[in-house]
Amino acid sequence: MNPTRRSFLKAGTGAVVASVFGFDLKTAYAESRELKIARTTETRSTCPYCSVSCGIIIHTIGDKAKNVTAQVVHVEGDPDHPINRGTLCPKGSSLMQDILNDRRLLKPQVRRPGSDHWEDIGWDQAYNEIARHIKTTRDATFVATDAQGRTVNRCESIAWNGGCTDTNEFNFLAVKTMRSLGVVFLENQARV
Ligand code: SF4
């Protein structure tokens, strides 16, 4: 191919320049993608955004040696996952921006009744306040018997809602804990 001066100047990107000169960049692009994840550790997980619960692979770099903090470098759909078979919607495709985001909350926050803002609190304070609210609510609303006098021992004023990234083990413990309190309203955002 003999490009004219005009067609050469119009070629603004590497791909167009390559096509003008007849180069095929497919192999080069495939190589660069391969290099990006060549030495990563793959961790399988679930997209946290919606109840579809697509499978994802999180690629991290870092050899797990002392003083090395693993860094997420790529997130993609899991081709072996039966739900999405490697595909992700735009939200799932942007998951890396959720993981690496300087606006991500790293500590508990509370918004007091009547307040117009959230305040940072420590983990110990959060645990204590949550436990106190649960006990107060349960004590005030516990139902020991139903209208026919049958023993039911249930707490109808607290509900539990899990998320799609909760593991089986976590869900097992959550259900055991909630049932021990008499909580009957258990749900999970995901359908996995
Ligand atoms: S990738 Fe999209 S469809 Fe799949 S779980 Fe995430 S938000 Fe839902």
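Keep in mind that this is a model prediction, so the values were computed, not measured. (Residues numbered from 1 in each chain as written. Predicted model: local features only at pLDDT ≥ 70, side-chain atom pairs only at ≥ 80, totals over all residues.)

Draft legend 1. Local environment of the overall build of the protein. Helices and strands together make up the secondary structure of the protein, namely 7 helices and 8 strands. Looking at the 192 residues of the protein, the share that counts as buried comes to 7%. Considering only contacts within the protein whose residues lie at least 6 apart along the sequence, 39% involve residues at least 24 apart. (Helix = DSSP H or I, 4+ residues; strand = E, 2+ residues; numbered from the N terminus. Buried ≥ 20, exposed ≤ 12 C-beta atoms within 10 Å, placed from the backbone. Contact = placed C-beta atoms within 7 Å.)

Draft legend 2. Layout of the sheet that holds strand E6 (residues 143-145). Spatial strand order, E6-E7-E8: 3 strands in an open sheet with mixed pairing. Two strands bound the open sheet, and with one partner strand each, they are E6 and strand E8 (183-188). In this sheet, neighbouring strand axes are inclined to one another by 25° on average, regardless of whether the strands run parallel or antiparallel. The strands touched by helix H7 (residues 168-181) within the sheet are strand E7 (151-162) and E8, with E7 carrying the most contacts at an inclination of about 145°. (Pairing = 2+ DSSP bridges. Axes fitted to C-alpha atoms, helices over the stretch in contact; angles between N-to-C directions.)

Draft legend 3. Expanded view of unusual backbone geometry. One non-glycine residue with positive phi stands out, namely Arg85, at about 50°. Tracing the chain through its elements places Arg85 in the loop between strand E3 (71-77) and helix H4 (90-93). You will see that Asn153, though not glycine, has its phi angle at about 45°, which is positive. You can call Asn153 exposed: it has 10 C-beta atoms within 10 Å.

Draft legend 4. Fine view of the site of the ligand. As a matter of local geometry, the ligand sits amid Cys47, Tyr49, Cys50, Val52, Ser53, Cys54, Asn84, Leu88, Cys89, Lys91 and Gly92. Residues belonging to the shell around the ligand are distributed by class as follows: 7 nonpolar, 3 polar and 1 charged. (Near = placed C-beta within 6 Å. Nonpolar A, V, L, I, M, F, W, Y, C, P; charged D, E, K, R; others polar.)

Draft legend 5. Main features of the sheet that holds strand E1 (residues 41-46). Across the sheet, 3 strands lie side by side as E1-E2-E3; this open sheet has antiparallel pairing. Each edge of the sheet is formed by a strand with only one pairing partner; in this case those strands are E1 and E3. Looking at each pair of strands side by side, their axes are set apart by 30° on average, direction ignored.

Draft legend 6. Up close: the environment of Val68. By secondary structure assignment, the location of Val68 is in the loop between strand E2 (55-61) and E3. The class of Val68 is exposed, set by 10 C-beta atoms lying within 10 Å. When sequence neighbours within four positions are dropped, the list of residues in contact with Val68 reads Gly62 and Asp63.

Draft legend 7. How the structure looks around the pairing of E2. Across 6 bridges, E1 lies against E2 in antiparallel orientation. Note that in E2 the partner of Thr46 across the bridge is Gly55. Both E2 and E3 contribute to a ladder of 6 bridges, which runs antiparallel. Bridge pairing in E3 places His59 opposite His74.

Draft legend 8. Structural view of the environment of Leu186. Among the secondary structure elements, Leu186 is positioned in strand E8. On the neighbour-count criterion, Leu186 (14 C-beta atoms within 10 Å) is partly exposed. Once the C-alpha coordinates of Leu186 and Trp160 are considered, the two residues, 26 residues apart in sequence, prove to be 4.9 Å apart. Setting aside residues no more than four positions away along its own chain, Leu186 makes contact with Trp160, Val175 and Met178.

Draft legend 9. Geometry of H7. Along its 14 residues, H7 runs 20 Å from first to last C-alpha, staying within 8% of the 20 Å computed at 1.5 Å per residue. Across the 14 residues of H7, 0 count as buried, placing the element largely on the outside. Backbone geometry just downstream of H7 places Gly182 in the positive-phi region, at approximately 90°. (Expected span 1.5 Å × (residues − 1).)

The quantities given are spatial measurements derived from coordinates; they are silent on function.
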